[in-house]
Amino acid sequence: MFDDIRSKKIVLIAHCLINQNAISDGTAVYPAAFSDLINFLMQNNIGILQMPCPELCCLGLDRGNPLGAASPVLVENTRIRSAMQQKETKDKLQKLIDYVMLQILEYRKHGFKIIAIIGANRSPNCGVETTSENNQETQGMGLFMEELAKRLYQNKIKISFLGIKSSDGMEKIKKLLRFAD
Ligand code: SF4
């Protein structure tokens, strides 16, 4: 089954890496997408599964703060982290994880290779190596990635996580190919 031309290789990526319109006010670094990353994935025949933006889905496009861009980024990110930890929001986050997990399980069931999960470092939700907490950029995962990692662990699934930032060069992106074999 699925023995057509498709590569059967996929990465999951944080929503805003392919759609900067979703990112919090004042923090977009490209008009549309991380073009180097997207071009690299296309050139290497790696399909892109765009995960939902947890902040947009749980807090809205303005994250519940129409003046968000007026605050320093790390201060606003810390506020967002705290808003995402309210009970009602946590439940919504789990539903988003369900939606992502359903797709991961389906692809794996049919023998597709999930090369990596690519997050956005510094994000309070999609950071992989760094996140935002206490008005600082700190080591560790954002809330969404942390929950996704837990769910993968519970399902005994190993997938590499990689976090990127606009300041990263191609070397970081090329690391992906090491996971592809
Ligand atoms: S990093 Fe995650 S939460 Fe933040 S804008 Fe991107 S997809 Fe949304």
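A brief look at the structure comes next. Only a predicted model underlies this, so the values are computations on that prediction, with no experimental measurement involved.

Further remarks concern the nonpolar core. Grouped together as the largest cluster of nonpolar side chains are 35 residues, with contacts concentrated most on Val 11, Leu 12, Ile 13, Ala 14, Leu 17, Ala 116 and Ile 118. For this core, the element with the highest residue contribution is strand β3 (residues 113–120), accounting for 6 residues. In this view, Ala 116 contacts Val 11, Ile 159, Ser 160, Phe 161, Leu 162, Leu 176 and Phe 179; residues no more than four positions away in its chain are not counted.

Taken together, 4 strands build an open sheet; the order of strands is β2-β1-β3-β6 and the sheet is parallel. The open sheet has two free edges, formed respectively by β2 (47–50) and β6 (161–164), since each of these has just one partner strand. Put simply, the sheet's adjacent strands are angled 30 degrees from each other on average, direction ignored. Alignment of strand β1 (residues 9–13) against β3, held across 5 bridges, turns out to be parallel. Each bridged residue has a counterpart across the sheet, and for Leu 12 the counterpart in β3 is Ile 117.

Now for the site of the ligand. The full set close to the ligand counts 13 residues, and His 15, Cys 16, Cys 53, Ser 123 and Cys 126 are the nearest of them. Secondary structure elements with two or more residues in the shell around the ligand: α1 (15–18) and α3 (54–59). At 3 residues, α3 tops the list of elements feeding residues into the shell around the ligand. Split by residue class, the shell around the ligand holds 9 nonpolar, 3 polar and 1 charged.

Here Arg 63, not a glycine, exhibits a phi torsion of approximately 60 degrees, which is positive. Topologically, Arg 63 is positioned in the loop between α3 and α4 (73–84). Residue classification places Arg 63 among the buried positions, given that 20 C-beta atoms sit within 10 Å. Even without being glycine, Asn 135 reaches a positive phi, approximately 60 degrees. Position of Asn 135 among the secondary structure elements: in the loop between β4 (130–133) and β5 (136–139).

Attention shifts here to helix α6 (residues 143–154). In an α-helix, one turn spans 3.6 residues, which is why side chains three or four residues apart end up on the same side. For α6, spanning 12 residues, the distance from its first C-alpha to its last is 17 Å, which sits close to the expected 16 Å at 1.5 Å a residue. Among the residues of α6, Leu 143, Phe 144, Met 145 and Leu 148 are the ones counted as buried. Contacts from the buried residues of α6 go to α3, α4, α5 (87–109), β3 and β6. Note on α6: the residue one or two positions beyond its end, Lys 156, has a positive phi of about 55 degrees.

Conventions adopted
Residues numbered from 1 in each chain as written. Predicted model: local features only at pLDDT ≥ 70, side-chain atom pairs only at ≥ 80, totals over all residues. Core = buried A, V, L, I, M, F, W, Y, C linked by C-beta atoms within 7 Å. Buried ≥ 20, exposed ≤ 12 C-beta atoms within 10 Å, placed from the backbone. Helix = DSSP H or I, 4+ residues; strand = E, 2+ residues; numbered from the N terminus. Contact = placed C-beta atoms within 7 Å. Pairing = 2+ DSSP bridges. Axes fitted to C-alpha atoms, helices over the stretch in contact; angles between N-to-C directions. Near = placed C-beta within 6 Å. Nonpolar A, V, L, I, M, F, W, Y, C, P; charged D, E, K, R; others polar. Expected span 1.5 Å × (residues − 1).

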